[in-house]
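Letter by letter, the chains look like this.
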Amino acid sequence: MYLNKFLTDYDESLSSDLNIDQLGQLVIWSAWGQQIFHNSISSVANDVRHYTLNLLHHYIVKSVVDDDTLQLSQLLKKRYSFKDELHFKTALLIHLENIYTFSMLEAQSKNVVTTGVLGIIKARQKWNDESENPRIIFGHGAECQLLNNQMSLGTNGRYKTPMMNLKFFDRQYRYDRQEAQAVWLRAKAFIEKEPKLRKVSREALAWLRSLLTQNHKKSLNIPFREIPDALCNAYVKAFPSSPAVGEYAKDFWLEMTQLNQGAAGMLYQVLEKTNSEEALPEVIFARASQHAAKKLPEDECQKLNNIVQAEPFLALINLLFNAMLRQKKQTLAEVATFWRGQGLNARTLPAKAAQLRQIPQLMASLTGTPKNRFEALLDVASAKTLEGQAAALLDYHAGLMTARGQIPWVMLNDRRLEVHIPPRPFKEAQNYPHWVNNYYLPQFKYMIAGLRGTAA
């Protein structure tokens, strides 16, 4: 049975949604965050080293596909009908990623930062099991992959969606679309101008020219020590760490992603002037919003305002839910007592929900599931009594968990709450008004650190 047609690309929001997103807020804050960062930052795509590595690998693959003088051997033609076939391009990407990972592992004692290298743990195990000379099999099947499901969880998989959004290719890795021509012209100029990247590209193409014309099956099962030293060394020199890559790649990626422009650029400027590692998201976004009001168009200001306006409400909803998780068993009256102890009352949530409904730009900023979830939470908050708000929130949570095929974390039975997970007592410092959602700000900080050429 062919399973590929049933499988999708790696979706980092899915696992988060199933495991920890008990109120379904992830799709809401993610939507607002991606409006700011142009879908160029995510929880798994925020490292300038891997952004640049993936760009280079696709540049090499594109060069192989475009080179009419490079023809596949008869052996490979039996597997791949033509060079632009998805499986062939997949095989090239896996092969290059594997060479890179083992090259970094071999050079780990030479001022190379292996932390963050995807697949490094599996590579180290294979390295030790195969006497420091692991075999690299060329192909697209599971036996060729260093990581399980490497095309989703490796460098390409994690950076595929952002690079698709930047128009480098589509889901089939087609590079020849009209909208891709301009970005590839920029990429080629960047790679050919940077000596370290140019070296990797030329060494990799020389290696692939040799490999792809081999007609013996054994030639596609390669001991790592047979990979040219020039290629392995070139990888190490080009990608020793994220800061090292940021030193030469900063201008290119800022131009491509526009993370230094608009709402993202305002956050960028605020972070550049913020020395404290402890700066809270609410402080950063508030400062960016204030500066944006003086310098940015209204639509870019609103991207920041959406978050500044809505997150205190989402934090309140989260606080109410967490209040019901503090003890294994408690009554709604005890929850109400806790709520009042925070300086809140039965009108707090309804008043905030009513205020948000009266901001047309905010209400129009979401569509689809994010919009439906946000409006459902506003409805929850609009109940007249605190007990009614808590009961409505429990119904909302139960519906969410049932749709996922999971058991609700907490249920109301005869006005008593029963918690089905370990109780979660929390300290005052974790309570409202502190934000609970980060809108990709930590990932943005990490990306900026790499672009600065400094450690995160």
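The structure displayed is predicted, hence computed values, not measured ones. (Residues numbered from 1 in each chain as written. Predicted model: local features only at pLDDT ≥ 70, side-chain atom pairs only at ≥ 80, totals over all residues. Heavy atoms only, no water.)

Let us now look at the pattern of salt bridges. Inspection of the entire model under this criterion finds 14 salt bridges. For D66, the salt bridge goes to K62, with nearest N and O atoms at 3.0 Å. Remark: K62 and D66 occur in helix 3 (residues 48–66); sequence separation between them is 4 residues, near one turn of the helix. Taking the shortest distance from any N to any O, the salt bridge between D67 and R209 comes out at 2.3 Å. Of this pair, D67 sits in the loop between helix 3 and helix 4 (74–77) while R209 sits in helix 10 (residues 195–211), placing them 142 residues apart in sequence. (Salt bridge = Lys/Arg side-chain N within 4 Å of Asp/Glu carboxyl O. Helix = DSSP H or I, 4+ residues; strand = E, 2+ residues; numbered from the N terminus.)

So, about the packing of helix 13 (residues 262–272) against helix 21 (residues 441–452). Where helix 13 meets helix 21, the closest approach of the two axes is 11 Å, and the angle between their N-to-C directions is 70°. Relative to helix 21, the element helix 13 lies roughly perpendicular. As helix 13 runs across helix 21, the sense of the crossing is right-handed. Across the interface between the two elements, A264, L267, Y268, L271 and E272 from helix 13 touch L441, F444, K445, I448 and R452 from helix 21. (Axes fitted to C-alpha atoms, helices over the stretch in contact; angles between N-to-C directions. Parallel < 35°, antiparallel > 145°, perpendicular 65-115°, else oblique. Left-handed = near helix turned anticlockwise from the far one by under 90°. Contact = heavy atoms within 4.5 Å.)

The biggest cluster of nonpolar side chains holds 150 residues, and the ones touching the most others in it are F168, W253, F313 and F374. Among the elements that take part in this core, helix 15 (residues 298–323) stands out by supplying 12 residues, more than any other. (Core = buried A, V, L, I, M, F, W, Y, C linked by side-chain atoms within 4.5 Å. Buried < 20%, exposed > 50% of the residue type's maximum accessible area, 1.4 Å probe, protein only.)

Below, the discussion takes up the packing of aromatic side chains. On inspection of all chains with the given rule, the structure shows 26 aromatic pairs. Both rings, one in Y235 and one in F239, keep their centres 6.5 Å apart while their planes meet at 40°; by these two values the pair is tilted. Side by side, Y235 and F239 carry an identical accessibility label, which is buried. Of the aromatic side chains, those joined through ring pairs into one cluster are Y59, F168, F169, Y173, Y175 and W184. (Phe/Tyr/Trp six-rings, centres within 6.5 Å; stacked < 30°, edge-to-face > 60°.)

Glancing now at unusual backbone geometry. Unusually for a residue other than glycine, N111 sits at a positive phi of about 60°. The phi angle at E132 is positive, at roughly 60°, despite the residue not being glycine. Structurally, the position occupied by E132 is in the loop between helix 6 (120–129) and strand 1 (135–137). Given a relative accessible area of 42%, E132 falls into the partly exposed group.

With that out of the way, let us pick up the confidence of the model for the protein chain. Taken over all residues, the pLDDT of the protein chain has a mean of 92, while the share at 70 or more is 93%. Ignoring residues within four places in sequence, the model shows residues 1–18, a span with pLDDT below 50, making 21 contacts including any to other chains. (pLDDT = per-residue confidence, 0-100.)

Attention now moves to the state of the cysteines. In this structure the tally under the stated criterion is 0 disulfides. For C144, which is in no disulfide, the shortest distance to another cysteine sulfur is to C232 and amounts to 18 Å. The buried category is assigned to C144, whose relative accessible area is 4%. (Disulfide = S-S within 2.5 Å.)

Turning to helix 3, a few remarks are in order. In this model, helix 3 (19 residues) spans 27 Å end to end at C-alpha, consistent with the 27 Å of a helix rising 1.5 Å per residue. Counting buried positions along helix 3 yields 17 of 19 residues, so the element is predominantly enclosed. N-capping of helix 3 is provided by D47, with a side-chain oxygen placed 2.8 Å from the backbone N of R49. (Expected span 1.5 Å × (residues − 1). Polar contact = N/O pair within 3.5 Å; in protein donor to acceptor, adjacent residues only side chain to side chain.)

Before going further, it helps to examine the pairing of strand 5 (residues 416–419). Only one face of strand 5 is buried, namely the one carrying L417 and V419, since none of R416 and E418 on the opposite face is buried. Two strands pair when backbone bridges link them, and strand 3 (residues 329–331) and strand 5 are joined in this way by 3 bridges, in the antiparallel orientation. Counted as the bridge partner of Q330 is L417 from strand 5. In this structure, the hairpin formed by strand 4 (residues 410–413) and strand 5 is closed by a connection of 2 residues, where D414 is found at a positive phi of approximately 55°. (Pairing = 2+ DSSP bridges.)

As a further point, take the packing of helix 3 against helix 10. Close contact between helix 3 and helix 10 brings their axes to 10 Å; oriented N to C, the two are set at 40°. On the basis of their axis angle, the class for helix 3 and helix 10 is oblique. Considering the relative orientation of helix 3 and helix 10, their crossing is right-handed. For the pair helix 3 and helix 10, contact is made by T52, L56, Y59, I60, S63 and V64 and by L197, V200, S201, A204, L205 and L208, respectively. A breakdown of the residues in the contact of helix 3 with helix 10 according to their chemical character gives 9 nonpolar, 3 polar and no charged. (Nonpolar A, V, L, I, M, F, W, Y, C, P; charged D, E, K, R; others polar.)

Every buried residue belonging to helix 17 (residues 348–357) is among T348, L349, P350, K352, A353 and L356, and all of these are buried. Where helix 17 is buried, its residues touch helix 15, helix 16 (332–341), helix 18 (360–363), helix 19 (368–381) and helix 20 (386–403).

Examined bridge by bridge, strand 4 and strand 5 share 4 bridges and lie antiparallel to one another. Opposite M411, over in strand 5, you have E418 as the bridge partner.

Glancing now at the sheet that holds strand 4. Taken in spatial order, the 3 strands of this open sheet run 3-5-4, and their pairing is antiparallel. For this open sheet the edge positions go to strand 3 and strand 4, each flanked by a neighbour on one side alone. Strand-to-strand twist across the sheet, computed as the mean angle between neighbouring axes with direction ignored, equals 30°.

On to the side chain of S289. Summarising the element assignment, S289 is placed in helix 14 (residues 281–295). The residues touching S289, leaving out its near neighbours within four places in the chain, are L304, N305 and V308.

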